[in-house]
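# Observations on chain architecture
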Amino acid sequence: MGNCCSDEMGHAGRHSVGPTAAEAASAAADRFLRSRGAGASTQVELALSASNLGDQEFFAKSNPMVVVYSKSKDGALEELGRTEVIFNSLNPSWNARINVHYQFEVLQPLVFQVYDINPQFHDGSEKMLKVEEQQFLGEAVCLLSEVITKQNRLLTLKLGVSEHNLPNPSKFGELIVQAEESAGSKAIMEMVFRCSDLEIKDLLSKSDPFLLISRISESGVPVPICKTEVRKNDLNPKWKPVILNLQQIGSKENPLIIECFNFSSNGKHDLVGKIVKSVTELEKMYHSQDGESFFVPASTAHDSHSKEVLKSQVYVEKYLENNRHTFLDYISAGCQLNFMVAIDFTASNGNPRLPDSLHYIDPSGRPNAYQRAILEVGDVLQYYDPAKRFPSWGFGARPIDGPVSHCFNLNGSTYQPEVEGIQGIMSAYISALRNVSLAGPTLFDPVISTATAIASQSLASNQKKYFVLLIVTDGVVTDFQETIDAIIKASDFPLSIIVVGVGGADFKEMEFLDPNKGERLESSTGRVASRDMIQFAPVKDVHGSGISTVQSLLAEIPGQFMTYMRTREIQAIC
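Within any chain, residue numbers begin from 1 and follow the written order of that chain's sequence. Local features in this predicted model are restricted to residues whose pLDDT is 70 or higher, and side-chain atom pairs enter the listing and the counts only when it is 80 or higher, whereas totals over whole chains, interfaces and linings include all residues. In computing side-chain properties, one takes all heavy atoms of the structure into account and sets aside hydrogens as well as water.

Going by what an unreviewed UniProt entry lists, the protein chain is known as C2 domain-containing protein and is assigned to Zizania palustris. UniProt positions are given in the numbering used here, feature names are shortened, and annotations may be inferred rather than shown by experiment. UniProt, in the comment section headed Sequence similarities (unreviewed entry), describes the protein chain in these words: "Belongs to the copine family."

Listed below in structure tokens is the structure:
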């Protein structure tokens, strides 16, 4: 993926799920990175061809061109690019590639419109053509994730009519879309940075430094691409390896801004100093082992370009170039992401028959908080699971004439927890509300252990599956230690857990699940987790740049997936 994280490489040793103070600070700094415009994305190129296009001309074959758009939630279209014109062909294969930023955590609708270009416009540039003056040949719509998850990343779409009127609407043909990840996303540079003699920024302790690396956009605005972890109370820090790829930086000759910040829990991190160097220059620093002095803008200078050079220096202790598999390589090789969901049916949600209940089913069809969370996660993940059979459970309720259950199948089946598709989850959820009595307490251990058992069985069967469990809850768990034990056990298996808090409860006691704020989690036997694989956030938290809480949690899944694959040396082989 486009976002680099030092722990994505899967270093040996034990990681805690609920981090130490330094790890908590690092996770909070991740949010700082995202707030400045960085995110989990990678560049893909779309190659287009068509077959059996409708021939709208009487004396010659069509001269087709494709215009590709992204479609926003409000239906607005934004042009991403267009192909060249292929003359006299009903089965064209275009050379032009359409560049698209793939983002795992959001749905990305694409619209393809095919036009027959009038001969009088053949001498002009394709970019200057007004499509409303051309003959419309057909339209196709898909999600980028539908292309990405197909074998060979190739999807065939039927061309159809939209609001356009065609002389011969019975014949449209097909459009073939093939995605290829940018080669630059696989060429990586691994570097280890250290600093000396950093300035003390905290009154009662040494500084808590981290590095933020940004590229300079064409407009001159810095765009963050990577950060290190936070080193607590350290004036001579050495960070874990930083991973950059060519896609992120464009060229090894392009300048990068490397800023050192002193972490602050309020998000207002103090600038310690910065340098501006290209990757080529950083490589030279590694070979020479020379340090580079940080500088800061001179606060007293009238000239905005003046700077104050500091005694603090940064060094490159390691530099290594390599190629690696990416998240999309694993998906293309047949790895699946399987969605699971567990819903809180405890009495604190309120009577489902009353409008103030979190489980109230609005006759207008407006989804409640539980349904919104399920839709937002499920709508993204369903395209990575060809079977679309999702294990779904409830917890904290009493089935008719039975004891309280902390993990019951949402569909009412005794043995089979799977339902068909996202709509199947919704139907099973509404049915369960009619057939159980809300009770309590709130226990996570049973559903996490059940999900872990499924992941363990899949691993034992050598299935190429990775599981994502969504737990939606309105309150605080009461089985703290049992939940911690279950999480730490689950970290050894192909599983990630997203916990979403809904309603107006005070979720402060749930911060032990939040890697941004929690304390170090330790099992009752003294173990810590083998990797980071759980996140928690209440949905009332809103991130910058229009990113929803759930999307910010989903954005972590590819990195957790890659950590699991790399630490277990699982190759992306078709």
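The discussion continues.
## Quick notes on the overall build of the protein chain
By the criteria applied, helices consist of DSSP H or I runs no shorter than four residues and strands consist of E runs no shorter than two, each listed in order from the N terminus. Assigned secondary structure in the protein chain consists of 11 helices and 25 strands. Accessibility here uses a 1.4 Å probe with only protein chains present; expressed as a share of the type maximum, an area under 20% marks a residue as buried, one over 50% as exposed, and anything in between as partly exposed. Here the protein chain, with 574 residues, has 53% of them falling under the buried criterion. Any pair of residues with heavy atoms lying within 4.5 Å of one another is described as a contacting pair. Taking the intrachain contacts of the protein chain between residues at least 6 apart in sequence as the baseline, contacts between residues at least 24 apart amount to 74%. Areas reported as accessible are Shrake-Rupley estimates using a 1.4 Å probe. Residue values count occlusion only from the protein chains shown. With an accessible surface of roughly 25500 Å², the protein chain has 49% of that area assigned to carbon and sulfur atoms.

## What about the pairing of strand S24 (residues 495-501)?
Among the 7 residues in S24, 7 count as buried, and that is most of the element. The two faces of S24 match: Leu 495, Ile 497, Val 499 and Gly 501 on one face and Ser 496, Ile 498 and Val 500 on the other face are all buried. Only strands that DSSP links by at least two bridges are regarded as paired with each other. Across 7 bridges, the pairing between strand S23 (residues 465-473) and S24 is parallel. Residue pairing in the sheet places Leu 470 in a bridge with Ile 498 of S24. Think of it like this: strands point away, you trace from the first strand over the helix to the second, and a clockwise trace means the crossover is right-handed. Between the parallel pair S23 and S24, the chain is carried across by helix H9 (residues 480-490), and the sense of this crossover is right-handed.

## Some points on helix H4 (residues 279-288)
Those residues of H4 that sit buried are Val 279, Thr 280, Leu 282 and Met 285. Those residues of H4 that are buried are in contact with strand S9 (187-196), helix H3 (246-249), strand S13 (255-262), strand S14 (270-278), strand S15 (292-297) and strand S16 (307-323). Two residues or fewer past H4, Gln 289 is found with a positive phi of approximately 60°.

## Some details on the sheet that holds strand S3 (residues 77-82)
Pairing between the strands of a sheet is mediated by backbone hydrogen bonds and can be parallel or antiparallel. The sheet built from 4 strands is open, its strands ordered S3-S2-S5-S6 with antiparallel pairing. Two strands lie at the open edges of the sheet, namely S3 and strand S6 (135-143), each paired on one side alone. Sheet twist, expressed as the mean angle between neighbouring strand axes with direction ignored, is 25°. Across 5 bridges, strand S2 (residues 64-71) lies against S3 in antiparallel orientation. Bridge pairing links Val 68 to Gly 81 in S3. Angles run from 0 to 180 degrees between N-to-C directions of axes, and those axes are lines fitted to C-alpha atoms, restricted for helices to the stretch in contact.

## Topic: the packing of helix H8 (residues 445-460) against H9
With their axes 9 Å apart at the nearest point, H8 and H9 run at an angle of 15° to one another. The pairing of H8 with H9 is recorded here as roughly parallel in orientation. Helix-helix and strand crossings are classified by hand; for H8 and H9 the assignment is left-handed. When H8 is examined against H9, the residues Asp 445, Ile 448, Ser 449 and Thr 452 are found in contact with a partner set consisting of Glu 482, Thr 483, Ala 486, Ile 487 and Ala 490. Note on angle classes: values under 35 degrees are labelled roughly parallel, values over 145 roughly antiparallel, values of 65 to 115 roughly perpendicular, and the remainder oblique. Crossing handedness follows the turn of the near helix against the far one: under a right angle anticlockwise gives a left-handed crossing, and clockwise gives a right-handed one.

## Looking at the pairing of strand S17 (residues 336-344)
Among the 9 residues that make up S17, 8 are buried, leaving the element largely enclosed by the rest of the structure. A crossover connection joins S17 to the parallel strand S18 (residues 389-395) through helix H6 (residues 369-381); in handedness this β-α-β unit is right-handed.

## Some remarks on the side chain of Glu 229
For Glu 229, the location among the structural elements is in the loop between strand S11 (222-227) and strand S12 (242-245). By relative accessible area, Glu 229 is classed as buried at 10%. Of the polar contacts made by the side chain of Glu 229, one reaches the backbone nitrogen of Lys 240; its length is 2.9 Å. Here a polar contact is recorded for every N or O atom pair within 3.5 Å, except that within protein the pair must consist of a potential hydrogen donor and a potential acceptor, and residues adjacent in sequence are included only if both atoms are side-chain atoms.

## Re H8
The end-to-end C-alpha separation of H8 is 22 Å, in line with the 22 Å expected for 16 residues at 1.5 Å each. Those residues of H8 that sit buried are Val 447, Ile 448, Ala 451, Thr 452, Ala 455 and Ser 458. Take H8 and look down its axis: the buried residues cluster within an arc of 135°, on one side only. In H8, the exposed positions that point more than 90 degrees away from the buried face belong to Gln 457 and Ala 460. Positive phi shows up at Asn 462, right after H8, with a value of about 60°. Given a helix with a known number of residues, its expected span is that number minus one, times 1.5 Å. Note that the arc is defined by the directions from the helix axis to the C-beta atoms.

## Things to note about the pattern of salt bridges
By salt bridge we mean one thing: a side-chain nitrogen of Lys or Arg within 4 Å of a carboxyl oxygen of Asp or Glu. According to the stated counting rule, one finds 15 salt bridges in the structure shown. A salt bridge links Lys 232 to Asp 208; the nearest nitrogen and oxygen atoms lie 3.4 Å apart. In this pair, Lys 232 is assigned in the loop between S11 and S12 and Asp 208 in the loop between S9 and strand S10 (209-216), connecting sequence segments 24 residues apart.

## Some remarks on the side chain of Arg 82
You can see Arg 82 is positioned in strand S3. Here the side chain of Arg 82 touches Glu 79 through a polar contact of 2.8 Å, side chain to side chain. There is a polar contact of 3.0 Å between the side chain of Arg 82 and the backbone oxygen of Leu 129. Non-local contacts of Arg 82, meaning those with residues more than four positions away in its chain, are made with Met 65, Val 66, Val 67, Ala 96, Ile 98, Glu 126, Lys 127, Leu 129 and Val 131.

## Digging into the state of the cysteines
Note that a disulfide, as used here, is simply two cysteine sulfur atoms within 2.5 Å. Overall, the coordinates contain 0 disulfides when judged by the stated rule. Just so you know, Cys 260 is unpaired, no disulfide at all, and the nearest cysteine sulfur is the one on Cys 195, 5.0 Å from it. Relative accessible area serves as the criterion here: at 0%, Cys 260 is assigned to the buried category.

## So, the packing of aromatic side chains
Pairing of aromatic rings covers Phe, Tyr and Trp, the last through its six-membered ring, and needs centres within 6.5 Å; plane angles under 30 degrees mean stacked, over 60 mean edge-to-face, and all others mean tilted. Summed over all chains, the structure comprises 13 aromatic pairs. Relative to Phe 444, the ring of Phe 395 has its centre 5.8 Å away and its plane inclined at 85°; by these criteria the two rings are edge-to-face. You can see Phe 395 sitting in strand S18 and its partner Phe 444 sitting in the loop between strand S22 (436-438) and H8, a full 49 residues away along the chain. By relative accessible area, which is 0% here, Phe 444 ends up buried. Three or more aromatic residues joined by ring pairs form one cluster here, namely Phe 104, Phe 327, Tyr 330, Tyr 384, Tyr 466, Phe 561 and Tyr 564. Just above the ring of Tyr 315 sits the side chain of Arg 194; from NZ or CZ to the centre is 4.0 Å. In our convention, an over-ring charge means Lys NZ or Arg CZ found within 6 Å of a ring centre and within 35 degrees of that ring's normal. Positioned above the aromatic ring of Phe 295 is the side chain of Lys 307, whose terminal nitrogen or guanidinium carbon lies 4.4 Å from the ring centre.

## Digging into the packing of H6 against helix H7 (residues 421-435)
With their axes 10 Å apart at the nearest point, H6 and H7 run at an angle of 160° to one another. Considering their axes alone, H6 and H7 lie roughly antiparallel with respect to each other. For the element pair H6 and H7, the recorded crossing hand is right-handed. Along its contact with H6, which presents Tyr 370, Gln 371, Ile 374, Leu 375, Gly 378 and Asp 379, the element H7 presents Ile 422, Ile 425, Met 426, Tyr 429 and Ile 430. When residues are grouped by polarity, Ala, Val, Leu, Ile, Met, Phe, Trp, Tyr, Cys and Pro land in nonpolar, Asp, Glu, Lys and Arg in charged, and all others, Gly among them, in polar. Residues that form the contact of H6 with H7 fall into these classes: 8 nonpolar, 2 polar and 1 charged.

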